[in-house]
Amino acid sequence: MNFSIIRYILFRVLEFAALFLTLPCLVALIYQEEAGFAFAAVMIGCFLVAEIGKQWKPKSNVFYAKEGFVTVSLTWIVLSIVGALPFYLSGEIPNFTDALFETISGLTTTGCSILPDVEYLSKSVQFWRLFAHWIGGMGVLVLIIAVLPLSGGYNMHLMRAESPGPSVGKLVPKVQATAKLLYGIYIAITALQIICLLIAGMSLYDSVVLSFSTMGTGGFGVLNTSIGSYTMAVQIIFTVFMILGGMNFNVYYLLIVARKPKEAVRHEEARVYLLILFGAAAFITWNIRGYYSNIAVAFKDAIFQVASIGSSTGFSTTDFDLWPEFSKAVLLVVMAIGACAGSTGGGFKVSRLIILAQDMKKELLRVVHPQVVKKPHLEGRAVDDETARSIHSFLIIYLAVCIFSFLLLSLDKYDLTTNFSAVLATLNNTGPGLHAVGPTCNYGGYSALSKYVLMFNMLTGRLELLPMLLLFAPRTWRRY
């Protein structure tokens with residue numbers, strides 16, 4: 001393990017943390033809020049530590065996949081602790097465990113909160129909560145790669161460790177150029193949503209922070225009713241952009257940069273993702289039609305909630321915990337599947353589901369025709385054995401983490417449905433669950449132990465399991 005290069009990158013991360021914290025400082029200055037002092041103190045502290053730490057240059061440039069995984073995991077842990085300090089120091093979240101929970105939920109774009117009332121928060125604290133979604137949506141280290149000229153194998157190993165999906169490729173030959181393209185598209189779609197919300201009559205502040213939350217597929221809101229108090233036009237805009245946030249960004253590259261609309265339309269994962277969302281919405285609309293005055297209103301709420309859960313955003317317009325059991329079961333299935341690889345969304349990922357479904361079909365075919373050799377395909381290309389093996393391993397680890405987390409949460413006071421949905425909601429970075437952690441409730445009632453389990457789930461889910469789990473493997477820490 002090359003500790004010197006990991007330490008160096010972490011100090012650069014603190015530099016970016018200081019840069020991020022300037023924005024809530026400005027918001028506090030505009031609204032003349034005392035919380036700004038907490039943000040300023042943490043910002044200055046990060047900057048000083050980063051400047052001092054950068055003086056120790058790496059002793060070696062050796063950087064393998066192991067360093068990439070560890071660097072990404074430690075980056076997210078460090079940023080979570082730093083991000084929690086303003087909440088705690090400002091006194092708006094006086095318990096540090098709760099402040100850390102809220103920060104990790106923000107950065108991992110999970111959106112589950114411990115706060116019973118978000119409307120009492122100052123504008124600067126609200127801004128930081130929702131801006132954390134946008135920071136974590138595309139990835140902290142992806143941004144650093146886009147800005148800093150790192151050399152050697154740093155870029156690809158960091159991209160692979162932080163980006164969601166079974167495999168990470170390059171849109172263009174250079175990794176840094178790929179990172180710049182991704183962030184360019186990300187910023188452009190965020191700006192487009194802000195403009196749409198302004199046209200729909202929303203205030204500038206709400207348009208900006210809620211667009212951060214939407215495009216990061218996070219789900220934190222500025223009202224206790226989430227999106228339910230806004231107009232139908234605003235809710236439709238959120239529905240569209242939640243679906244866009246869960247789409248593979250390769251589609252946008254093909255449409256906007258490469259100018260290949262036919263290839264974008266033929267993108268297999270995107271088509272299956274949309275099929276799942278609209279299919280689930282149709283089933284739920286049929287199931288809840290008696291709860292609404294007409295089928296159009298039922299479909300509006302159904303497609304909003306499916307888009308919210310499927311993209312792992314977590315906004316709500318209604319208390320779906322009151323829906324029939326079938327509708328809630330469909331939402332849990334959509335939650336487990338999640339969004340596309342290469343998106344800002346969480347979950348198991350649609351691409352993995354496609355490959356597993358083809359693998360299952362292959363095994364059934366092998367029973368009838370033992371001599372047939374057929375590999376799963378995705379986007380017109382055969383999936384190599386290493387990728388297929390990694391997906392099977394991912395599924396096993398995913399189930400193991402679910403079971404272990406569920407057992408630990410069962411030590412708490414809540415019922416099975418609450419605990420099971422809480423595990424799924426945090427591991428898939430979705431946010432709201434069912435019963436006591438439903439869309440009108442929060443996670444504040446859990447014990448400290450349960451909150452740390454759920455925080456671990458949020459980080460593990462966002463980083464695709466392995467980076468966080470490798471921190472607990474003794475061999476990870478052996479020096480070269």
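Quick note: structure is the one above.
Model, not experiment: these values are computed from the prediction.

A. Region of interest: the overall build of the protein. Each helix and strand counted, the protein has 20 helices and two strands in total. Computed over C-alpha atoms, the radius of gyration of the protein comes to 22 Å, within 12% of the 23 Å expected from 2.2 N^0.38 for 480 residues, which places it in the range of a compact globule. For the protein, the C-alpha atoms occupy an extent of roughly 65 × 55 × 50 Å along the three principal directions. Taking as baseline every contact in the protein between residues at least 6 positions apart, the subset at least 24 positions apart corresponds to 70%. Accessible area for the protein stands at about 20100 Å²; split by element, carbon and sulfur atoms hold 68% of it.

B. How the structure looks around the pattern of salt bridges. Counted under the stated rule, the structure contains nine salt bridges. Residue Asp98 pairs with Lys451 through a salt bridge whose shortest N-O separation is 2.6 Å. In this pair, Asp98 sits in helix H4 (residues 96–107) while Lys451 sits in helix H19 (residues 448–462), placing the two residues 353 residues apart along the sequence. Comparing Asp98 with Lys451 shows no difference in burial state: the two are buried.

C. View of the side chain of Thr190. Tracing the chain through its elements places Thr190 in helix H8 (residues 175–199). Among the polar contacts listed, one links the side chain of Thr190 to the side chain of Trp134, at a separation of 3.0 Å.

D. Summary view of a nonpolar patch on the surface. A cluster of nonpolar side chains, Leu23, Leu26 and Leu29, forms an exposed patch at the surface whose accessible area comes to about 290 Å². Positionally, Leu23 belongs in helix H1 (residues 3–31).

E. Representation of the environment of Glu67 in the model. Note that Glu67 resides in helix H3 (residues 65–90). Between the C-alpha atoms of Glu67 and Leu79, which are twelve residues apart in sequence, the distance is 18 Å.

F. Seen up close, the packing of H4 against H19. One way to put it is that H4 packs onto H19 with a least axis distance of 10 Å and a crossing angle of 20 degrees. Here H19 runs roughly parallel to H4, going by the angle between their axes. The handedness of the crossing between H4 and H19 comes out as left-handed. Here Thr97, Asp98, Leu100, Phe101, Ile104 and Ser105 of H4 lie close against H19, whose contacting residues are Lys451, Tyr452, Leu454, Met455, Met458 and Leu459. The residue inventory of the contact of H4 with H19, partitioned by class, reads eight nonpolar, two polar and two charged.

G. Structural context of H3. In this model H3 runs 39 Å from its N-terminal to its C-terminal C-alpha over 26 residues, within 8% of the 38 Å that 1.5 Å per residue would give. The positive-phi residue at the C-terminal boundary of H3 is Gly91, with phi of around 85 degrees.

H. Local environment of the nonpolar core. Judged by nonpolar contacts, the single largest core of 140 residues is most densely connected at Leu210, Phe238 and Tyr443. Beyond its immediate chain neighbours, meaning those up to four positions away, Leu210 contacts Leu130, Gln193, Met202, Phe220, Gly221, Val222, Tyr230, Phe238 and Phe315.

I. Region of the structure containing the state of the cysteines. As enumerated under the stated definition, the model contains zero disulfides in all. Its sulfur unpaired, Cys25 is 11 Å from the next cysteine sulfur, which belongs to Cys46.

J. Looking closely at the packing of aromatic side chains. Considering all chains together, one arrives at 27 aromatic pairs under this definition. For the pair Phe348 and Tyr398, a centre-to-centre distance of 5.9 Å together with 70 degrees between the ring planes defines the contact as edge-to-face. In this pair, Phe348 is assigned in the loop between helix H15 (325–337) and helix H16 (350–368) and Tyr398 in helix H17 (residues 385–409), connecting sequence segments 50 residues apart. Like Tyr398, Phe348 is buried. Taken together, the ring pairs connect Phe16, Phe20, Phe39, Phe127, Trp128, Phe131, Trp134, Tyr183, Tyr186, Phe212, Phe249 and Tyr252 into an aromatic cluster. The ring of Phe220 has Arg129 lying over it, and the distance from NZ or CZ to the ring centre is 4.0 Å. Residue placement shows Arg352 over the ring face of Phe394; its charged tip is 3.7 Å from the ring centre.

K. Representation of helix H13 (residues 268–288) within the structure. A rise of 1.5 Å per residue sets the reference length of H13, with its 21 residues, at 30 Å; its end C-alpha atoms lie 30 Å apart and thus fit the reference within 8%. Residues of H13 that are buried include every one of Glu268, Glu269, Ala270, Tyr273, Leu277, Ala280, Ala281, Ile284, Thr285, Asn287 and Ile288, and no others.

L. Expanded view of the environment of Ala425. Structurally, Ala425 is set in helix H18 (residues 416–427). Accessibility expressed as a relative area gives 0% for Ala425, which makes it buried. The spatial distance from the C-alpha of Ala425 to the C-alpha of Gly246 is 16 Å, given a sequence separation of 179 residues. Aside from chain neighbours lying at most four places away, what touches Ala425 is Thr110, Met335, Thr430, Gly431, Pro432, Gly433 and Tyr443.

M. Focus on the packing of helix H2 (residues 35–53) against H3. Contact pair H2 / H3: the axes reach a minimum separation of 8 Å and the direction vectors enclose 145 degrees. The handedness of the crossing between H2 and H3 comes out as right-handed. Here Ala35, Ala38, Phe39, Val42 and Cys46 of H2 come into contact with H3, specifically with Val82, Leu85, Pro86, Leu89 and Ser90. Classifying every residue of the contact of H2 with H3 by side-chain character gives nine nonpolar, one polar and no charged.

N. Structural view of empty space enclosed by the protein. A complete count under the given rule lists three cavities of 30 Å³ or more for this structure. Of the voids in this model, the second largest cavity is the one considered here, and its volume is about 60 Å³. Contributions of two or more residues to the lining of the second largest cavity are made by H1, H3 and helix H5 (123–138). Taken together, the residues of the lining of the second largest cavity sort by class into eight nonpolar, one polar and no charged.

O. Quick peek at unusual backbone geometry. Located in the positive-phi region is Asn429, a residue other than glycine, with phi close to 55 degrees. Locating Asn429 in the fold gives a position in the loop between H18 and H19. In this structure, Leu465 is a non-glycine residue whose phi angle is positive, near 75 degrees. By the secondary structure assignment, Leu465 is in the loop between H19 and helix H20 (466–470).

The rules behind the values
Within any chain, residue numbers begin from 1 and follow the written order of that chain's sequence. Whole-chain, interface and lining totals are the exception, using all residues; otherwise, since this is a predicted model, local features are given only for residues with pLDDT of at least 70 and side-chain atom pairs are given and counted only at 80 or more. Side-chain metrics rest on all non-hydrogen atoms present in the structure, leaving aside hydrogens and water. Secondary structure elements follow DSSP: runs of H or I no shorter than four residues count as helices, runs of E no shorter than two count as strands, and numbering proceeds from the N terminus. Put simply, the radius of gyration uses C-alpha atoms, and a globule should come to 2.2 Å times the residue count raised to 0.38. The contact criterion used is simple: two residues touch if any of their non-hydrogen atoms lie within 4.5 Å. Each accessible area is a Shrake-Rupley result for a 1.4 Å probe, and residues are judged covered by the shown protein chains and nothing else. Just to be clear on terms, a salt bridge is a Lys or Arg side-chain nitrogen sitting within 4 Å of an Asp or Glu carboxyl oxygen. Relative accessible area decides the class of each residue, using a 1.4 Å probe on protein chains only: under 20% of the type maximum gives buried, over 50% gives exposed, and in between gives partly exposed. Whenever two N or O atoms come within 3.5 Å, that pair is a polar contact, provided that in protein one can donate a hydrogen and the other can accept it, and provided that, for residues adjacent in sequence, both atoms are side-chain atoms. Put simply, a patch holds well-exposed residues, over 30% relative accessible area, that have no salt bridge, with like charges counted together within 9 Å and Val, Leu, Ile, Met, Phe, Trp or Tyr side chains within 5 Å. Here, axes are lines fitted to C-alpha atoms. For helices the fit covers the stretch in contact, and angles between N-to-C directions go from 0 to 180 degrees. Under this scheme an angle from 65 to 115 degrees is roughly perpendicular, one under 35 degrees roughly parallel, and one over 145 degrees roughly antiparallel; angles in between are oblique. Less than a right angle of anticlockwise turn of the near helix away from the far helix marks a crossing as left-handed, whereas a clockwise turn marks it as right-handed. Three classes are used, and their members are as follows: Ala, Val, Leu, Ile, Met, Phe, Trp, Tyr, Cys and Pro are nonpolar, Asp, Glu, Lys and Arg are charged, and the others, Gly among them, are polar. How far a helix is expected to stretch is found by multiplying one less than its residue total by 1.5 Å. Joining through side-chain atoms within 4.5 Å is the link that ties buried Ala, Val, Leu, Ile, Met, Phe, Trp, Tyr and Cys residues into a set, and such a set is a nonpolar core. Whenever a pair of cysteine sulfur atoms sits within 2.5 Å, that pair is classed as a disulfide. Geometry of aromatic contacts follows a simple scheme: Phe, Tyr and Trp rings, the Trp one being its six-membered ring, pair when their centres are within 6.5 Å, and the pair is stacked under 30 degrees between planes, edge-to-face over 60, tilted otherwise. For a lysine, the NZ atom is tested; for an arginine, the CZ atom; a charge sits over a ring if that atom is within 6 Å of the ring centre and within 35 degrees of the ring normal. Every definition here rests on a 1 Å grid over the protein atoms only: cavities are sets of points where a 1.4 Å probe fits but cannot get out, pockets are open sets enclosed by protein on both sides within 12 Å along at least five of seven lines, and lining residues have some atom within 4 Å of a point. Grid points are joined across faces, edges and corners, and a volume is the space filled by probe spheres set on the points.

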